[in-house]
Amino acid sequence: MEFFRGGKYNAFIYSRIGQNHEMVGQENQDCLAFERVNDDAWFLAIADGVSSAVFAKEGAQAAVDVICRMFIEIAESDSLPFNTDELKVKIVRNWRVLTASDWDKYATTLNFVMYVSHGLLLGQIGDGLIVANIDGVPKMMTDKKDFYSTETFALGNMVKKSMFTIERINVRKEVEVYMASDGIGKEIADESRIKLGKYLKDMILQDNVSIEEELDTWVIGLERKNGDDKSIGFVRWEE
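Residues numbered from 1 in each chain as written. Predicted model: local features only at pLDDT ≥ 70, side-chain atom pairs only at ≥ 80, totals over all residues. Heavy atoms only, no water.

**Q** Just give me the short version of the overall build of the protein, but keep the residues and values in it.
**A** In terms of helices and strands, the protein carries six helices and 11 strands. Viewed in the frame of its principal axes, the protein has a C-alpha envelope of about 45 × 40 × 30 Å. Taken over 239 residues, the protein has a buried fraction of 49%. Within the protein, residue pairs in contact and separated by at least 24 positions form 72% of the contacts whose partners lie at least 6 positions apart. For the protein, the accessible surface area stands at approximately 11300 Å², while carbon and sulfur atoms represent 47% of it. If the 28 positive side-chain charges of the protein are averaged to one point and the 40 negative ones to another, these points end up 4 Å apart. (Helix = DSSP H or I, 4+ residues; strand = E, 2+ residues; numbered from the N terminus. Buried < 20%, exposed > 50% of the residue type's maximum accessible area, 1.4 Å probe, protein only. Contact = heavy atoms within 4.5 Å. Areas by Shrake-Rupley, 256 points an atom, 1.4 Å probe, with all protein chains shown as cover. Lys, Arg positive; Asp, Glu negative; His and termini not counted. Charge placed at Lys NZ, Arg CZ, Asp CG, Glu CD.)

Have a look at this one:
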């Protein structure tokens, strides 16, 4: 687990291997990162490698690396792009450059948030969960059930713009956002998603609370329901 604190933000990232991978000697196939240039430019990303993909971990790491590189470019310009379709194409193209030509072997889902100078980008392809509170207004992103067949959408050989959601939102004074890979996200009841964000906010603002111990207890309990890798990240920013 890692913590990050600045003048305007508090953040953490947490990941734990699931028993499905641990039992067969595989590594945690989730990758996540929080990076910042300054108090007013940061990003959080979680990629969940598709278990059936041979190089799922490498694909997930490549997805996080792409978001990191794009964030640095965007932060230098001090403004988020408005054309989200172009951004989708760029993310897919850059991810493919970092992986081999048989992209389904590197298949991964991706969730991310970028904040630059009062602009917020929320992005998702495949499953996972993003829950935000933006100036007091709740916002949620989760996988699109209408698109489901037998598989989750992911970065891979076939990626359509309709599979990829990116939204740009203006932020006035404050934002809180958490995202979770499917190992956690699918176990959070709809009515509890906003409450969890408030709980994470309360924990990160209290110096005497061990967030890692709290998350360990919760995540170990979730193992009884599913054996997926479990990752979660949280950021709070306030002007």
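**Q** Break down the sheet that holds strand β1 (residues 2-5) for me, with residues and values.
**A** One key point about sheets: their strands pair by backbone hydrogen bonds, in either a parallel or an antiparallel sense. The six strands lie next to each other as β1-β2-β11-β10-β7-β8, forming an open sheet whose pairing is antiparallel. Single-partner strands in this sheet number two, and they are β1 and β8 (137-142). On average, adjacent strands in this sheet sit at an angle of 5 degrees to one another, irrespective of strand direction. Inspection of the sheet shows strand β10 (residues 174-180) paired to strand β11 (residues 230-238) by seven bridges, in the antiparallel sense. Across the sheet, residue V177 finds its bridge partner in β11, namely V235. Contacts from helix α5 (residues 193-204) reach β1, β2 (9-16), β7 (129-134), β8, β10 and β11 within the one sheet, and its direction differs from that of β11 by about 70 degrees. Along the sheet, helix α6 (residues 211-222) makes contact with β1, β2 and β11, crossing β2 at roughly 35 degrees. (Pairing = 2+ DSSP bridges. Axes fitted to C-alpha atoms, helices over the stretch in contact; angles between N-to-C directions.)

**Q** Talk me through the sheet that holds strand β5 (residues 108-116); I want residue IDs and the actual numbers.
**A** Overall, antiparallel pairing links the five strands, which are arranged β3-β4-β5-β6-β9 in an open sheet. A single partner strand is all that each edge strand has here, and the edge strands are β3 (30-38) and β9 (164-170). Across this sheet, the average inter-strand angle for adjacent strands is 5 degrees, counted without regard to direction. Of the strand pairs in this sheet, strand β4 (residues 41-49) and β5 are connected by nine bridges, and their pairing is antiparallel. From the neighbouring strand, I46 faces β5, where its bridge partner is N111. The strands touched by helix α2 (residues 56-77) within the sheet are β3, β4 and β5, with β5 carrying the most contacts at an inclination of about 20 degrees. Most of the contacts of helix α3 (residues 84-98) go to β9, to which it runs at about 130 degrees, and overall it touches β5, β6 (119-125) and β9.

**Q** Tell me about the packing of α5 against α6, and please be specific about residues and values.
**A** Remark: α5 packs on α6, axes separated minimally by 10 Å, with the N-to-C direction vectors making an angle of 145 degrees. Here α5 contributes L196, Y199, M203 and I204 to the contact with α6, which in turn contributes I211, E214 and W218. Partitioning the contact of α5 with α6 into residue classes produces six nonpolar, no polar and one charged. (Nonpolar A, V, L, I, M, F, W, Y, C, P; charged D, E, K, R; others polar.)

**Q** Help me get a handle on the pattern of salt bridges, residues and values and all.
**A** Across all of its chains, the model carries 14 salt bridges by this definition. Its salt-bridge partner being R236, residue E176 comes within 3.7 Å of it at the nearest N-O pair. Residue E176 is found in strand β10, and its partner R236 is found in strand β11; the two are separated by 60 residues along the sequence. By relative accessible area, which is 9% here, E176 ends up buried. (Salt bridge = Lys/Arg side-chain N within 4 Å of Asp/Glu carboxyl O.)

**Q** Describe in detail the side chain of N226, supporting the description with residues and values.
**A** As for its position among the elements, N226 is in the loop between α6 and β11. Beyond its immediate stretch of four places on either side in the chain, N226 contacts G183, K186 and E187.

**Q** Before we move on, could you go through the environment of K8 and cite the residues and values that matter?
**A** By the secondary structure assignment, K8 is in the loop between β1 and β2. With 30 residues separating them along the chain, K8 and N38 place their C-alpha atoms 9.4 Å apart. Apart from the residues lying within four places of it in its own chain, the contact partners of K8 are D39, D40, R236, W237, E238 and E239. Side chain to side chain, K8 and E239 meet in a polar contact 2.8 Å long. (Polar contact = N/O pair within 3.5 Å; in protein donor to acceptor, adjacent residues only side chain to side chain.)

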